[in-house]
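Okay, here's what each chain looks like letter by letter:
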Amino acid sequence: MTALRMAAAAPRAGEGTSAPLGATPSEEGVNFSIFSRHATSMELLLFDGVDDARPARAIRVDPAVNRTYHYWHVFVPGLRPGQIYGYRVEGPSDPARGLRFDAEKVLLDPYGRGVVVPDGYRRAAAAEHGDNTATAMKSVVVDPNAYEWEGDAPLRRPSARTIVYETHVRGFTRHPSSGVGEKTRGTYAGLIEKIPYLRDLGVTAVELLPVFQFDAQSAPNGVNYWGYQPVSFFAPHQAYSSRRDPLGPVDEFRDMVKALHRAGLEVILDVVFNHTAEGDHHGPTLCFRGLDNATYYILQHDRTRYADYTGCGNTLNANDSIVRRMIVDSLRYWVEVMHVDGFRFDLASILTRDESGQPMPNPPVLWDIESDPALAATKLFAEAWDAAGLYQVGSFVGDSWKEWNGRFRDDARDFFRGAHGSLRRFADRLVGSPEIYGHKEREPEQSVNFVTCHDGFTLNDLVSYDRMHNEANGEQNRDGCDDNRSWNCGVEGPTDDPAVENLRNRQVKNLLTVTMLSIGLPMIVMGDEGTLHNDNCVGARHLCWLRQSTRPVFCTISSSVSAHPAQLVLELTPREWKRRWRDSAAKAAAYGVRPRRLSGLSSVGAITGNDRCVRQLRLM
């Protein structure tokens, strides 16, 4: 049947309702609702297939009938979950007023629960003049209740018994050495297959780098690997699914969460609410810019340009009432519908800025998140800084937020490379950073302790390079950070010198030991357990794939202790451990800090494939 005849035969659209936002299916059809304060007219576009060059049906959303306040809504009988849709929105194109409507562009639904990407997707087409229907991403109608959770629920593991493993869905299993089948490598399903590997590591939570749908072409070289360019805050990234049907990513993501929970592993999402993939004033119109630019973004004083506190061209106006509601609704959706256990907020200090970009003493969005009852039991980790120099480690707003302790990272690196004056700072970090957090009278797990993360070097890089080497990704060594506080142990880069290799392995063990045994919540990054080189290789994706055939630098971390999660495999006798711990305690006491007491040492079994006996250290 032709699109014209289908449109003629389709049931007539109804008025619909303004709530809930997004596409809400029922037995009779689907209700669509979307916010736009300044739009003058709107069309809902319905597509039969992902790669269709034109809609099968275009429904005018009549402002006289289908608008309540600033909410445009329409009910379409007969539609079902899996329906592909988008919007065309008309309004003023007046950058001087902060308005950038473009009725030729197909827009995603900000509350869309699913996204499809055509094979011919072109980011550039959304920035050029003309119709981009054939190459645009589209939204998908999803029924959030159409899934059998089989009794699953978030685990709510205490922070004091948590060890976080930061990983990338694709990079974790994309390399053939993962042992994952070719069809499921680099997918949510592939991660399920590696659950035994995660359990052997002894971690208790996986922190997934961004899984919100992002624009994979939003990068200087056209290849976005890490995912920090979101276009939808409700939809799981389509390319991480082994299923190709429109609803596949949603269900496969939930399969992954359910499987991880069964294995006792929590799921924490790295979320990006500070900017979107629409970039600066030269960027594409994908969603928010074409719906209500002045509402969704912080604009400069002349309104034609975007304030950029992110280094990515724009900044979300997170404390606007509409954006604030969207952020909280997104978090609630991922907890209640997708069953995740917590969130790590990228550049979280941006969430403290008002519509003019000034930091606020009590930012509404942060208190909305903290006070929401649906989020009360979730883990909330803040990266408490932004790209414009705002640094709030130790002073981030709120009572339940934990912070990535960047000063732990820097001081641990300085200490083990012998930097002058690092001992006092390192001693403080070892016992929970009281000089940073003591004034808050909070639990010690407020400090998320890490030495490496996805930003920059892995542990192997840290002991192999004095300088950043990002040439392989085609970015001429421009991306990443020069302040790595690393030491190459005498040779820059790979070496066959056994003395240098032994020293590097000892340094890796030193850094891992302090991460696990320092007071706080420990985190390691994918690749720290092996010899992966990362070095912020944004475009050279294959360099960021975990190679699991390499010999691990350490063999296991285990959380099976009663009082504290840290249990580290070491090659020291109990007597040697006690001596070293007492020496460390004496040094720390000299600076007025008091470490947790040593409670006991006991033998553990031999490592699989190795008859060498190891020891465990337990802290209370």
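As the structure is a prediction and not an experimental result, all values here were calculated from the model. (Residues numbered from 1 in each chain as written. Predicted model: local features only at pLDDT ≥ 70, side-chain atom pairs only at ≥ 80, totals over all residues. Heavy atoms only, no water.)

J.: For this particular structure, what's the right way to read the sheet that holds strand S1 (residues 22-25)?
T.: Remark on secondary structure: sheet strands pair via backbone hydrogen bonds, oriented parallel or antiparallel. Within the open sheet, the four strands sit side by side as S1-S2-S6-S5. Their pairing is antiparallel. Unpaired on one side and paired on the other, S1 and strand S5 (67-68) mark the two borders of the sheet. Sheet topology places S5 next to strand S6 (residues 71-77); two bridges connect them, and they run antiparallel. Considered in S6, the bridge of Thr68 is made with Tyr71. (Pairing = 2+ DSSP bridges. Helix = DSSP H or I, 4+ residues; strand = E, 2+ residues; numbered from the N terminus.)

J.: Could you clarify how one ought to interpret the side chain of Asn484 in this entry?
T.: Secondary-structure assignment places Asn484 in the loop between helix H12 (459-462) and helix H13 (498-517). Residue Asn484 is classed as buried on the basis of its relative accessible area, which comes to 7%. Contact partners of Asn484, with chain neighbours within four places excluded, come to Arg413, Phe457, Leu462 and Met468. (Buried < 20%, exposed > 50% of the residue type's maximum accessible area, 1.4 Å probe, protein only. Contact = heavy atoms within 4.5 Å.)

J.: I would appreciate a short explanation of helix H6 (residues 288-296) in the present structure.
T.: For H6, a buried count of nine out of nine residues is recorded, marking the element as mostly surrounded by other parts of the structure. Of the positions making up H6, those classed as buried are Phe288, Arg289, Gly290, Leu291, Asp292, Asn293, Ala294, Thr295 and Tyr296.

J.: Would you take a moment to explain the pattern of salt bridges for this structure?
T.: Pairing between side chains of opposite charge can happen when the charged atoms of each approach one another. Counting across every chain of the model gives 34 salt bridges. Between Arg254 and Asp251 there is a salt bridge whose closest N-O contact spans 3.1 Å. Residue Arg254 and its partner Asp251 are located together in helix H5 (residues 248-262), separated by three residues, close to a single helical turn. Considered together, Arg254 and Asp251 belong to a single accessibility category, that of buried residues. The closest approach of N and O atoms between Arg429 and Asp411, which form a salt bridge, is 2.7 Å. With Arg429 in helix H10 (residues 422-430) and Asp411 in helix H9 (residues 406-416), this residue pair connects regions lying 18 residues apart in the sequence. Taken individually, Arg429 and Asp411 each receive the classification buried, so the pair is uniform in this respect. Residues joined in a network through salt bridges with shared partners are Arg407, Arg409, Asp410, Asp411, Asp414, Arg417, Arg424, Arg425, Asp428, Arg429, Glu435 and Arg485. (Salt bridge = Lys/Arg side-chain N within 4 Å of Asp/Glu carboxyl O.)

J.: For this particular structure, what's the right way to read the nonpolar core?
T.: Nonpolar side chains tend to gather and get buried jointly when the protein is soluble and globular. Of all hydrophobic cores here, the largest spans 136 residues; its most connected members are Phe32, Leu269 and Phe345. Discounting residues that sit within four places of it in the chain, Leu269 has contacts with Leu208, Val211, Phe212, Phe253, Trp334, Val340, Gly342, Phe343 and Arg344. (Core = buried A, V, L, I, M, F, W, Y, C linked by side-chain atoms within 4.5 Å.)

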